[in-house]
Amino acid sequence: MTPPLRIGFIGAGANTRSRHLPGFQEIPGVVLAAVCNRTEESSRKVAQAFGIPVVAPDWRAIIDSPTIDAVCIGTWPNLHAELTIAALRAGKHVLTEARMARDLGEALLMFAEAQRHPQLVAQIVPAPMSLAFDATIVKLINAGVLGSLREVSVMCTNNTQVDSALPSGWRQDPQLSGKNTLALGIYYEMTLRWLGRGVTTLSADAAIFTPQRKNAQGEQQTMTIPERVTVLGRYADAARFLAHFSSVELTAPRNEIRLHGSRAGLRLDFITNQLWLTEAAGPERLVEIMPALGDAWRVEADFIASIREDRPVTLTDFATGVSYMRFTEAVWTSWNEQGRWVSI
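Residues numbered from 1 in each chain as written. Predicted model: local features only at pLDDT ≥ 70, side-chain atom pairs only at ≥ 80, totals over all residues. Heavy atoms only, no water.

A.B. asks: Account for the packing of aromatic side chains, naming residues and giving values.
C.D. replies: Scanning the model with the defined rule gives 10 aromatic pairs in all. Taking 5.7 Å as the distance between ring centres and 80° as the angle between the ring planes, the aromatic pair formed by F241 and F327 counts as edge-to-face. Of this pair, F241 sits in strand β12 (residues 240-246) while F327 sits in helix α10 (residues 318-336), and the two are 86 residues apart along the sequence. Using a relative accessible area of 1% as the deciding quantity, one classes F327 as buried. Through a chain of ring-to-ring contacts, the aromatic side chains of Y188, Y235, F241 and F327 assemble into a single cluster. A cation over an aromatic ring shows up here: R99 above the ring of Y324, its NZ or CZ 4.3 Å from the ring centre. (Phe/Tyr/Trp six-rings, centres within 6.5 Å; stacked < 30°, edge-to-face > 60°. Helix = DSSP H or I, 4+ residues; strand = E, 2+ residues; numbered from the N terminus. Buried < 20%, exposed > 50% of the residue type's maximum accessible area, 1.4 Å probe, protein only. Lys NZ or Arg CZ within 6 Å of the ring centre and 35° of its normal.)

Here's what the structure looks like:
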């Protein structure tokens, strides 16, 4: 019989409670062994809701426990590197929430530590929005339906930061979020899955329209993370990358990725959750997603399979995490240097 696999949870926010804890509960032989959230009270509530027997006093108690085999890290990015490195050194498999880290330097430290422990699984929670479409998009690209890729166009806009009186959240706090800007890393990660490559150079422009906001505690803070950013990029094969992200648009939100080729174009609409194909001189038509290619959320099952069956991590390995953190860092560098073209 397969021995039980005991998992400790450090950080139990919304995604951990809605995705990871129920996901692991469904897998035979997986034990939710311990939890440590930001407060003892919140830890006890999670433990009670999911039948977790141990409320740990701090994260070190989970990582140092000889009875825990794997750690699920659900904290903000500021702790991802420290916790991941400590867990790997303690001989524990790691599933960490995205974004990989606060910046490229931390991501590289995580990657280097994972390389020192090849017997351990190191996985990042993938960007979820395209999971049901990924296999179909890759199949169409590999079949040559698009022809030669000419441009990748990414658009993600909303009005969540229009009101300057609203307090800042953790995503606007560089101590917690680092250089992660809006949804840059999430969307770029999806394009990496489809194309198997990223841009080689880029230029970025960004803006902060409310230079100071109060935080949740009512303290005035200087804002350093942009509220809108536009990126121009180039691939090695001369294809172009265009992305626009904004949290200060009052018009209807836009949320899509388009792939433009010499023969056809694909449009993944995240608002309607539909994939559209337009072939040369033809109308746009809905792409039917075959059930066999429409697998969506399997993060927890894939993590356990990698541990038990030695399967390679695909969604998302640390090398991919470093790739999107390298992109995020290059965007940050470029807009802080007046749009200088930056090589990746």
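A.B. asks: Describe the side chain of Q172, listing the residues and the values that go with them.
C.D. replies: Mapped onto the elements of the fold, Q172 is located in the loop between β7 (149-157) and α7 (174-177). By relative accessible area, which is 16% here, Q172 ends up buried. Polar side-chain contacts of Q172 include one of 2.7 Å to the backbone nitrogen of G169. Setting aside residues no more than four positions away along its own chain, Q172 makes contact with Q161, M223 and I225. (Polar contact = N/O pair within 3.5 Å; in protein donor to acceptor, adjacent residues only side chain to side chain. Contact = heavy atoms within 4.5 Å.)

A.B. asks: Which residues make up the packing of helix α8 (residues 184-195) against α10, and what values go with them?
C.D. replies: Each packed pair of helices is defined by two parameters, the angle between the axes and the distance between the axes. Running from N to C, α8 and α10 point in directions that differ by 130°, and their axes come no closer than 9 Å. Comparing the axis directions of α8 and α10 gives the class oblique. Where α8 crosses over α10, the two elements pack in a sense that is right-handed. Only T320, S323, Y324, F327, T328 and V331 of α10 make contact with α8, whose side of the interface consists of L184, G185, Y188, E189 and L192. Here the contact of α8 with α10 is built from residues that sort into six nonpolar, four polar and one charged. (Axes fitted to C-alpha atoms, helices over the stretch in contact; angles between N-to-C directions. Parallel < 35°, antiparallel > 145°, perpendicular 65-115°, else oblique. Left-handed = near helix turned anticlockwise from the far one by under 90°. Nonpolar A, V, L, I, M, F, W, Y, C, P; charged D, E, K, R; others polar.)

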